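Structural characterization, general
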Amino acid sequence: MLWTDLNVLLGGLGLLLVGVILLALDLRRWPLTAGPAWLAARSLLAGVWGVALMLFPLNVAPGVFVDIRYVPGALMTLLLGPGWGALALALPALWRVGIGGAGVPAALIAGASILLIAGVVWRAAGSSVFLSWRWWWAAPLIFSLNSLGLLLFPGGQALVQRVYLPVLIVHCLGLWAAQVVVGMRARHLAQTSALRREAYLDALTGVSNRRQFDLDLARLEAGAQLVMLDIDYFKQVNDRLGHAEGDRVLREVARTLAHSLRAQDHVYRVGGEEFALILTGLDATQGRAVTQRCLDGVRTLSAGGQTVTLSAGWSQVQPGEPSQRALARADAALYRAKNAGRDRLVMDISGQDSGAQAAQRTLALLAADRDPTAADWRALLEAAVGSVPGAQAGTLFVLDRGDFLLTAQRGFGDDLLGHRRSPASLLRWYADPVDAWQAGEPRVLRGDAIRHNALAAADLETQLTSQRQFGSMLNVGAVSETLGVPVSVDGMVMAFLNLDVLNPGQRLGPDARTVARSFAAQVAALLRARAARLRVAARQRELEALARLTGDLRGARTTAQVAQAVTAAVMPILGAREAVFLHFDPAGDRLVSLVMQGVPERDGHAELPRGYGVAWAAIERREVLRVTSVQDAARLHRPAFLTSGAMLAAPLQTAGTLFGALCVTREENFGEEDVHLMGALGAHIVTALERAAQLAELQQSRTRALLALATLLETRGLETPGHARRLQRHAGQAADLLNLSPQDRAALLDGAALHDLGLLGLEDGEPQTAHAVAGETLARDLPGVTDAALRVIRHHHERWDGRGGPDGLRGHRIPLLARVLTILDTFDTLTRPPALPRQTALPRQTAPPRPTAPNPGAARTPSPALTPAQALTAMAAQAGEALDPDLLATLAPLLARLPVPDPDDPDSPDADHPDLRPAERSDPDPDSLNLN
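Within an unreviewed UniProt entry, the label attached to the protein chain reads Diguanylate cyclase, and the organism entered is Deinococcus indicus. The Subcellular location (unreviewed entry) comment attached to the protein chain in UniProt states, word for word, "Cell membrane".

Shown next as structure tokens:
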């Protein structure tokens, strides 16, 4: 029976081996790598293969048969993984379900067990299951549960005993054969791949070699790009550091180039220190970006402390052009890059109709009505360099916020992009008359004239912006001839086009001026619409800035408030990093920082003696000055926080008055438009400062007038000498401590000066609080005294417990400012008692007075002055009765620090008063003090 069953099952083994061989021949590389479409197709074919193997069944019971249909699925699981194996097993399983019969459940169980076990083996062994005999046991394991599903049938044990061994043997033989055949094919593919790598890969760097480059070069189509690269000064690396270091540099350069490219691009080592790139599917601008990324990546490498750099030449295969000719153009561009100073990319676009393409791009930009991007300017410049006969390099400056910005370059290095030049220095570099400049006339400089004009432009740039570089930026030492074309739009130069010759033996062609002017006309067409938009934007920016500053200054009444508002406003208007308001100190003849926005607190002070720093230079020249780089400025005061960026300094002065200067800094350079805007803002700031000075003078005059009334009280013996002045000074300190608003601060100061004004009309025998009402009545007719100040005068004799006057208010119903003045007045009265009879400072209770209370109109002997500590002790005893306890606790530290006048000091206003010395005794008993 065993041999009979084996013979039946072995009938399908031949078909299985045919399929295995076809599958092995279909493999093209090892390890296997393929896309999802290839994997899905092979898995479905394996499923069909499994269905075909069902043509050789072994019938063991009605509706029950066995075959080797699942071997292809097991093979695909081991080869591709359980996901694709499941797809291969699903087709024969579904076919078996379609046939039906009692054996369907057993068939599904067998397929699931095979997928599960084969998946585990695949995860454990991977491709080794085909390459090593150590995994021979995988086949018996995978099919070990194949026939056990028959146990579900009645008499299933007998069926299992009959078919288990022959089924297991045939399945193992089939899978072993597949392992052998696929393993042989895999070894062959791996050896072939290794040989190919040895033949077409560079052994040192691991990238493709010259042999592979030649093969790929021959297959290039139009549009493909070639880049030839050479490591600069590589021979010096070998000679100075040795060949081992040179080999390391080669490997690092190759690795960096490979990482900088896209997946579809290729890098080759074609010589000792020479590399090549093949780029596909890119235009010239994109190809330039990819190549520049490679050069930038290599600059991060170093050898012996020196930066590793590359020179590069670029070309693009044109329609109908042999690839060898494109290679020759790339080699020539590489030679020009090395002659121009190395560490740069030179692009050869002579094979393209540069002028026509540039014109098409210009028309497209005009139709789109948008500003050109950096890539647009670069493409236009490259077209100009490629079209002007003899030109090898060039730069394009475009007017931006009043300065000329280096927007595009070819042949000098992208590190120059973003540099700014003032119109005056660029005109000096042009060297021809202003009329020719405004008319856009081309000019040519050669030899020493190039260096002479570059140095003159550099000196002028230093004077205007404190930036010393100009000729070095343009690398004029490498330029043998230069053609400059101002791009004039409606009589205003909006751009400047430089086209340069780098090879001393080469000259510009006879048509160079004409061709250059055609490109200048394209630039002018692009800038004309842009100029209108810029003028509108600049005017709108100025108006918005002035409106914002005007709004911020509306409530500023003092110089400090103006300085705070100005620095806060100019920060967002100019995008500033720091803003410093320098106030002129006439006594010290210096500028002193009043407000410093954006400056760390530890660095928050600056002093500039006359003539020191850019701020004084701006004051002397009476104009806004700008510094392009604070690191290069010769006259700049550099505090600790000022380490980089650009600066604007604006003088704040009129014909006869110097208020100070405003300085702002930021990382980005300031342009002429910023200078103009700063000048407009400065005029508004000066107007605000003049108003603040006038208000301060008016306030001083008003304060003197109010204090004159207090002086009248003192001369009549109704007040302690200097009492009102001290109260005003202490009230200002209390206002700062309590963070009062400017309006409340002014009301408190007025109340301090006028609180006892009613004593002038107080008659003997009148109630103690009558002078508060009388003072309010008198003060109401004084100009500028607010209702808040009148409430201070009226209620400064109210008591916290409600027993004061004139209205008997209690607690928080008493105005806050009146409660503050009560505490300050009480403290001054206790530490500086009056020389003559007068009303006591603490409000009198309405209840009958204590026997010790004096008659308000009777004479009394003044008590000796208390020390601040003694006075605070006495006042603390009245907290919650006469005084606001919480407010007293808040003000107590301030009162404790107030100075006591020295009677021996002739400058003290109270020095001649006999009772102002602090009492030389212990703290008084509060009950012994007459505080009512």
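More follows now that the structure is in view.
1. So, the sheet that holds strand β9 (residues 345-347)
Taken in spatial order, the five strands line up as β4-β5-β3-β8-β9 in an open sheet, and their pairing is mixed. The open sheet terminates on both sides in strands that have one partner only, identified here as β4 (266-269) and β9. On average, each strand axis in the sheet is inclined to that of its neighbour by 20 degrees, with strand direction left out of account. Where strand β3 (residues 225-231) lies against strand β8 (residues 310-316), seven bridges are found, and the strand directions are antiparallel. Bridge pairing in β8 places I231 opposite L310. Sheet strands touched by helix α12 (residues 243-260): β3, β4, β5 (274-279) and β8. Its angle to β5, the strand with the most contacts, is close to 10 degrees. Sheet contacts for helix α14 (residues 323-339): β3, β8 and β9; angle to β8, the most-contacted strand, approximately 145 degrees.

2. Examining the sheet that holds strand β19 (residues 625-627)
With antiparallel pairing, six strands are arranged side by side in an open sheet as β18-β17-β16-β21-β20-β19. On the outer flanks of this sheet lie β18 (607-609) and β19, each paired with one strand and no other. The sheet shows a mean angle of 20 degrees between the axes of neighbouring strands, taken without regard to direction. Taken strand by strand, helix α22 (residues 559-574) contacts β16 (578-585), β17 (590-597), β20 (646-653) and β21 (658-666), and its axis lies near 60 degrees from that of β17. Relative to the sheet, helix α23 (residues 614-621) contacts β16, β17, β18, β19, β20 and β21, its axis offset from that of β20 by approximately 45 degrees.

3. Focus: the environment of L888
Positionally, L888 belongs in helix α31 (residues 885-897). Sequence spacing of L888 and L872 is 16 residues, and the spatial spacing of their C-alpha atoms is 9.0 Å. In this structure L888 touches I823, M875, A876, A879 and L883, once residues within four positions along its chain are discounted.

4. Considerations on the pattern of salt bridges
Evaluated as defined, the whole model comprises 37 salt bridges. Between R507 and E481 there is a salt bridge, with its nearest N and O atoms 3.3 Å apart. Linking R507 in the loop between β15 (492-501) and α21 (512-553) with E481 in strand β14 (residues 481-489), this pair joins segments that are 26 residues apart in sequence. Residue R507 is classed as exposed on the basis of its relative accessible area of 51%. Between R794 and D807 there is a salt bridge, and its shortest N-O distance comes to 2.9 Å. One end of the pair, R794, is in helix α28 (residues 787-795); the other, D807, is in the loop between α28 and α29 (816-831), and 13 residues separate them in sequence. Given the relative accessible area of 21%, R794 is considered partly exposed. Judged by its relative accessible area of 37%, D807 is partly exposed. Three or more residues are tied together by salt bridges with common partners; here these are E776, R780, R794 and D807.

5. Some words on the nonpolar core
In terms of nonpolar packing, the biggest core is built from 51 residues, with W377, W429, L499 and L527 touching the most fellow members. Apart from the residues within four sequence positions on either side, L527 is in contact with W377, V398, V489, M494 and A495. Counting residues in each nonpolar core, the second largest holds 44 residues, with Y70, L168, V182 and L189 among its members.

6. Topic: the pairing of strand β10 (residues 393-400)
A large share of β10 lies buried, amounting to eight of its eight residues. Burial along β10 is two-sided: A393, T395, F397 and L399 and G394, L396, V398 and D400, pointing in opposite directions, are all buried. As paired strands, β10 and β15 are joined by six bridges and run antiparallel to one another. What sits directly across from T395, in β15, is N498.

7. Quick look at unusual backbone geometry
For the bond from G805 to P806, the omega torsion is 10 degrees, close enough to zero to count as cis. Turning to its location among the elements, P806 is positioned in the loop between α28 and α29. Although it is not a glycine, Y233 adopts a positive phi angle of roughly 55 degrees. Position of Y233 among the secondary structure elements: in the loop between β3 and α11 (234-241).

8. Describing the side chain of N209
In this structure, N209 sits in the loop between α9 (156-200) and α10 (210-218). In this structure the side chain of N209 is engaged in a polar contact, spanning 3.2 Å, whose partner is the backbone nitrogen of R211. Within the structure, N209 has its side chain in polar contact with the backbone nitrogen of Q212 (distance 3.1 Å). Setting aside chain neighbours within four positions, we find N209 in contact with A199, Y200, L201, D202, Y268 and R269.

9. Some remarks on the packing of α10 against α14
Contact geometry of α10 with α14 gives a least axis separation of 9 Å together with a crossing angle of 120 degrees. By the angle class used here, α10 and α14 are oblique. Across the interface between the two elements, R210, F213, L217 and A218 from α10 touch S323, Q324 and L327 from α14. Split by residue class, the contact of α10 with α14 holds four nonpolar, two polar and one charged.

Reading the values: rules and limits
- Residues numbered from 1 in each chain as written.
- Predicted model: local features only at pLDDT ≥ 70, side-chain atom pairs only at ≥ 80, totals over all residues.
- Heavy atoms only, no water.
- UniProt positions renumbered as here; feature names shortened; annotations may be inferred.
- Pairing = 2+ DSSP bridges.
- Helix = DSSP H or I, 4+ residues; strand = E, 2+ residues; numbered from the N terminus.
- Axes fitted to C-alpha atoms, helices over the stretch in contact; angles between N-to-C directions.
- Contact = heavy atoms within 4.5 Å.
- Salt bridge = Lys/Arg side-chain N within 4 Å of Asp/Glu carboxyl O.
- Buried < 20%, exposed > 50% of the residue type's maximum accessible area, 1.4 Å probe, protein only.
- Core = buried A, V, L, I, M, F, W, Y, C linked by side-chain atoms within 4.5 Å.
- Polar contact = N/O pair within 3.5 Å; in protein donor to acceptor, adjacent residues only side chain to side chain.
- Parallel < 35°, antiparallel > 145°, perpendicular 65-115°, else oblique.
- Nonpolar A, V, L, I, M, F, W, Y, C, P; charged D, E, K, R; others polar.

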